[in-house]
Amino acid sequence: MSLYPLKFTPVLKHYIWGGRNLNLKLNRSLPEGEKVAESWEIAGHADGTTPVANGPLAGRLLTDLLESYGLDLIGENSRWALERGKFPLLIKLLDATRPLSVQVHPDDAYALSHEGNELGKTEMWVVLHADPGAEVILGVTRGTTRSAFKQAIDDGRLEPFLHRLPVRAGDHINVPAGSLHAILGGLLIAEIQQNSNTTYRVYDWNRMGTDGRPRPLHIDKALEVINFDQVEPDIAPGRIVFDGNGQRREQLNSTPYFTVERVTLDRGATFEGACRGATFEIWGTLAGTAAVEGAWEGVDLPAVSWCLLPAALGRFRVRAAANSVLLRTYVSP
């Protein structure tokens with residue numbers, strides 16, 4: 001069966017810091033009365049895999065498609081992931097009504113050594129909504145050492161070592177593996193990350209989990225992977241790569257795992273592209289409304305929604321039906 005642009009039905013995650021903003025701010029339908037922390041938009045992980053929502057492949061899980069289509073789905077640049085039986089990336093929406101734990105994610109080498117066939121976790125965030133005064137934690141404060149940090153954990157006085165960063169809607173924050181970080185309350189975020197669910201909690205604000213007990217911490221592993229040289233980082237600026245004909249493209253990051261561009265299209269403007277076997281692309285509309293067109297029935301992309309363009313898709317066009325802001329994610333060589 002020929003591949004085409006794929007939309008998916010999200011998998012919802014109910015953690016203690018979630019809320020109802022996916023419904024209140026994004027008009028998403030949520031289970032009545034349930035607080036939702038994460039919506040896994042495009043996912044192929046053992047902890048959650050999304051089914052196709054459109055076209056002849058509707059109902060098929062992303063993990064099944066990877067097994068059936070292999071490199072035609074993800075491309076040569078992700079051959080390493082196919083050899084490990086993994087879709088390379090995971091796309092999420094996060095509703096941080098309350099602060100997440102202070103945490104860190106391992107890199108690939110550490111995860112492979114300590115977490116079985118799990119990937120490491122480099123990620124990036126794009127802020128969709130921020131309450132006044134919203135902050136994230138990223139990195140450590142100047143003068144922090146591993147030994148002083150460990151002593152602060154033991155003493156229950158970790159806050160002086162946590163670097164706080166004010167954020168607002170539209171900001172993007174790059175979070176390489178090894179970054180000490182936390183998304184604090186009052187934030188709605190789109191997250192692009194490696195396909196991993198490994199988190200080492202350092203501090204959880206002395207709160208209880210849903211079972212009435214403190215959630216587990218992972219101090220020893222965290223101390224082995226925290227990058228203590230990441231001292232008071234700021235928000236990295238984007239880089240304009242194209243501006244003309246009603247289209248503006250800004251590269252937000254470039255890692256060995258994924259590259260993300262913010263694409264702004266005026267009403268009626270188009271982005272012309274092609275998936276020729278090197279990489280898949282994931283497009284998400286953050287504002288406005290667009291459609292993916294080509295040699296298939298067009299696929300609508302209203303805000304906020306996502307679409308996977310398989311590596312063997314061929315030529316495609318993204319057309320804006322209104323002034324739109326989109327994210328384009330792909331895997332570089």
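Residues numbered from 1 in each chain as written. Predicted model: local features only at pLDDT ≥ 70, side-chain atom pairs only at ≥ 80, totals over all residues. Heavy atoms only, no water.

Q: So what about the overall build of the protein? Which residues, and what values?
A: Within the protein, the secondary structure is distributed over seven helices and 23 strands. Computed over its C-alpha atoms, the radius of gyration of the protein comes to 20 Å, within 12% of the 20 Å expected for a compact globule of 333 residues. Here the protein, with 333 residues, has 55% of them falling under the buried criterion. Intrachain contacts of the protein at a sequence separation of at least 6 include 75% that bridge at least 24 residues. When the accessible surface of the protein is split by element, carbon and sulfur atoms take 48% of a total near 14000 Å². Of the side chains in the protein, 34 bear a positive and 39 a negative charge, and the two mean positions are spaced by 2 Å. (Helix = DSSP H or I, 4+ residues; strand = E, 2+ residues; numbered from the N terminus. Rg over C-alpha atoms; globule rule 2.2 N^0.38 Å. Buried < 20%, exposed > 50% of the residue type's maximum accessible area, 1.4 Å probe, protein only. Contact = heavy atoms within 4.5 Å. Areas by Shrake-Rupley, 256 points an atom, 1.4 Å probe, with all protein chains shown as cover. Lys, Arg positive; Asp, Glu negative; His and termini not counted. Charge placed at Lys NZ, Arg CZ, Asp CG, Glu CD.)

Q: Could you give an account of the nonpolar core, with specific residues and numbers?
A: Counting residues in hydrophobic clusters, the biggest one holds 38 residues, and the most contacted among them are L6, I42, L73, F87, W306 and L308. Elements supplying a minimum of two residues to this core: α2 (62-69), α3 (71-74), β5 (89-96), β7 (123-130), β12 (187-194), β18 (281-287) and β21 (305-309). When residues in this core are grouped by element, the largest group, four residues, is from α2. (Core = buried A, V, L, I, M, F, W, Y, C linked by side-chain atoms within 4.5 Å.)

Q: Describe unusual backbone geometry, naming the residues involved and giving the relevant values.
A: Here A303 and V304 are connected by a cis peptide whose omega angle stands at -10 degrees. Tracing the backbone through its elements, the reader meets V304 in the loop between β20 (296-302) and β21. In this structure, W205 is a non-glycine residue whose phi angle is positive, near 60 degrees. Turning to its location among the elements, W205 is positioned in the loop between β13 (200-203) and α7 (219-225). Phi is positive for N206, close to 60 degrees, though the residue is something other than glycine.

Q: Give me the lowdown on α2, citing residues and values where you can.
A: Every buried residue belonging to α2 is among L62, L65, L66 and Y69, and all of these are buried. Relative to the axis of α2, the buried residues are bounded by an arc of 105 degrees and lie together on one face. Looking at the buried residues of α2, the elements they touch are β2 (38-42), β3 (44-45), β4 (48-49), α3, α4 (79-83) and β21. Positive backbone phi, at 55 degrees, marks G70, one or two positions downstream of α2. (Arc of directions from axis to C-beta.)

Q: Give a detailed account of the sheet that holds β2, specifying residues and quantitative values.
A: The strand order β1-β2-β5-β12-β7-β10 describes an open sheet built from six strands, whose pairing is antiparallel. Among the strands making up the open sheet, the edge pair consists of β1 (11-13) and β10 (172-175). Neighbouring strand axes in the sheet, compared pairwise and without regard to direction, differ in orientation by 20 degrees on average. Inspection of the sheet shows β7 paired to β12 by seven bridges, in the antiparallel sense. (Pairing = 2+ DSSP bridges. Axes fitted to C-alpha atoms, helices over the stretch in contact; angles between N-to-C directions.)

Q: Quick one: what's the story with helix α6 (residues 146-155), residue by residue and with numbers?
A: Among the residues of α6, those classed as buried are F149, A152 and I153. End-on, the buried residues of α6 take up no more than an arc of 100 degrees, which puts them together on one face. Those residues of α6 hidden inside the fold are in contact with β9 (162-166), β13 and α7. A positive backbone phi angle near 70 degrees is found at G156, which sits one or two residues after α6.

Q: So what's going on with the side chain of S179? Residues and values would help.
A: Tracing the backbone shows S179 in the loop between β10 and β11 (181-183). Residue class for S179 comes out buried when judged on its relative accessible area of 2%. At 2.7 Å, the side chain of S179 forms a polar contact with the backbone oxygen of P176. At 3.1 Å, the side chain of S179 forms a polar contact with the side chain of Q230. (Polar contact = N/O pair within 3.5 Å; in protein donor to acceptor, adjacent residues only side chain to side chain.)

Q: Describe the pairing of β2, listing the residues and the values that go with them.
A: Counting buried positions along β2 yields five of five residues, so the element is predominantly enclosed. Bridging between β1 and β2 involves three bridges; their strand directions are antiparallel. From the neighbouring strand, L12 faces β2, where its bridge partner is S39. Sheet topology places β2 next to β5; four bridges connect them, and they run antiparallel. For S39, the partnering residue across the bridge sits in β5 and is L93.

Q: Break down the packing of aromatic side chains for me, with residues and values.
A: Where two aromatic rings form a pair, the distance of their centres and the angle of their planes describe that pair. Per the counting criterion, the structure on display carries nine aromatic pairs. The interplanar angle of 40 degrees and the centroid separation of 5.1 Å between the aromatic rings of F87 and F280 together place this pair among those described as tilted. On the criterion of sequence distance, the pair formed by F87 in the loop between α4 and β5 and F280 in the loop between β17 (270-275) and β18 is long-range, its members being 193 residues apart. An aromatic cluster is built from F149, F161 and F228, whose rings are joined through pairwise contacts. (Phe/Tyr/Trp six-rings, centres within 6.5 Å; stacked < 30°, edge-to-face > 60°.)

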